[in-house]
Amino acid sequence: MRINSLMVICLMTLSNGSADTDVNAKVFEIRFENHRFAPQTLTVAANTPLEIRVVNLSRERIEFESFKLNREKVVEPGATVTVKLPALRAGAYDFFDDFHPDVPEGAIIAK
Amino acid sequence: MLRPLNAASLGCLALLGAATALPCAAQVDPWEFEVYPYSTTPRGMAEFETDNAVVVDGHPAGGEGTSSGTVRSQGMLYDSYEITYGLTDRIEAAVYLNMAQPEGSGLQWAGDNLRLRGRLFDQETLPVDVGWYLELEWHKVPQFDDATRELEFRPILEKDIGRLSIMANPKFEKVLAGAGHDDGVEFGYAAGVHYRWARSLSPGVEFYGGSGLIDRLDPAAQQSHYVFPVVWGELPRGLEYNFGVGYGLTRNSDHFIVKFNLELERFVGAMLKASPDRGWIF
């Protein structure tokens, strides 16, 4: 699992998928459009509770899910949902669209 | 580093532990060896589930072990089919068909359940995530139970600590019709600790038990308590499984049970509008 997570981080960094966000913010936004999440890699501060607003800008219904974070929320087209997260230990946490396996998986990096 | 647990969290965890450690009553429900988490089926989603348990080493007479009726538990196959629908983002409704196959006999109807389950607030709003569960049960008597109708209520408690989920479902049951109608409330539990290791395969341990009426507990040897080491995860095409082997911990418990649950979620269409993002009940 750790090797997989590191590979995801490396691949996303290489593909310029990393987020241009304020790491110290407490509210973050992940958008879904063109059948992919943006940013695909979201860097957040470890040890700080945070919220992620998932904005579905597409015409598809998605299910924002993270296995490691135990989160699962359906997001209707045009809708926004808020996902609350506890203070995260430093590391990589997956997120994906459970309705569309072909959507590239993203990662939340806490550091 | 994980956020340190505050006093409220520790208090709730202590309560949760105490609830599951109490000598508990109510029959263990052999049709549903499942611990409910805080999360509910999302709005508009339908979940198709089958829970199965085989008593490999049980009791030779009815009314003992997982049997609450006249049919003995030894060799029994418990088989339930459940459809759950997400009414809102916080409330789901379910119907169950419970079947049973006693050893040497055919599969037969054993009962039905109707259930509502919900979660309160959003995750991380309270120190421990809290949900609720209300179920109406019909049983085929006298073969599979001595009570015709029962009402069951469970608070659902969950605390996630990193990749660990600690869940507890204390159970309160009241007989509405049949034997035990004039008795008080029975108490039982389902509880579990699941570790999220990999989506396809993760370990856990689950506990189920019951020991009679709250105000008149059965002697320890007549109570039923089980521990199930389990593996759970997701197979291709979103098929989720939970497989476990259960060991009875008291004389009245069946000695060895194997369970295998399968479930599949699909979006079928929402009937109600989306729940408010920061609501707490609907």
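This one's a predicted model, so the numbers in the text were calculated from it and none came from an experiment.

Draft legend 1. The packing of aromatic side chains, seen in detail. Under the definition given, this model contains 16 aromatic pairs over all chains. Ring centres of Phe67(A) and Trp232(B) lie 6.1 Å apart, and the angle between their planes is 45°; this geometry places the pair in the tilted category. With Phe67(A) in the loop between β5 (62-66) and β6 (71-75) and Trp232(B) in strand β11 (residues 224-234), this residue pair bridges two chains. Assessed through its relative accessible area of 11%, Phe67(A) is described here as buried. Take Trp232(B): its relative accessible area is 17%, and that puts it in the buried class. Here the aromatic rings of Tyr36(B) and Tyr133(B) are separated by 5.2 Å at their centres, their planes lie at 55°, and the arrangement is tilted. Note that Tyr36(B) is positioned in the loop between α1 (7-21) and β1 (45-57) and Tyr133(B) in strand β5 (residues 129-139), a separation of 97 residues in sequence. On the accessibility criterion, Tyr133(B) (0% relative accessible area) is buried. Following the ring pairs from residue to residue traces out a cluster consisting of Phe32(A), Phe37(A), Phe64(A) and Phe95(A). Stacked on the ring of Tyr133(B), the Lys or Arg Arg154(B) has its end atom at 4.3 Å from the ring centre. It is Lys259(B) that lies over the ring of Phe228(B); its NZ or CZ is 5.9 Å from the centre.

Draft legend 2. Up close: the side chain of Asn98(B). Looking at the element boundaries, Asn98(B) is found in strand β3 (residues 91-101). Overall, Asn98(B) belongs to the buried group, its relative accessible area being 5%.

Draft legend 3. Main features of the sheet that holds strand β4 (residues 50-56) of chain A. Residues and elements named next belong to chain A. Taken together, four strands build an open sheet; the order of strands is β2-β1-β4-β7 and the sheet is mixed. Two strands bound the open sheet, and with one partner strand each, they are β2 (36-38) and β7 (80-85). Here the average twist between neighbouring strands, direction ignored, is 25°. Both strand β1 (residues 27-33) and β2 contribute to a ladder of three bridges, which runs antiparallel. Paired with Glu33 across the bridge in β2 is Arg36.

Cut-offs applied
Residues numbered from 1 in each chain as written. Chains lettered and ligands numbered in written order. Predicted model: local features only at pLDDT ≥ 70, side-chain atom pairs only at ≥ 80, totals over all residues. Heavy atoms only, no water. Phe/Tyr/Trp six-rings, centres within 6.5 Å; stacked < 30°, edge-to-face > 60°. Helix = DSSP H or I, 4+ residues; strand = E, 2+ residues; numbered from the N terminus. Buried < 20%, exposed > 50% of the residue type's maximum accessible area, 1.4 Å probe, protein only. Lys NZ or Arg CZ within 6 Å of the ring centre and 35° of its normal. Pairing = 2+ DSSP bridges. Axes fitted to C-alpha atoms, helices over the stretch in contact; angles between N-to-C directions.

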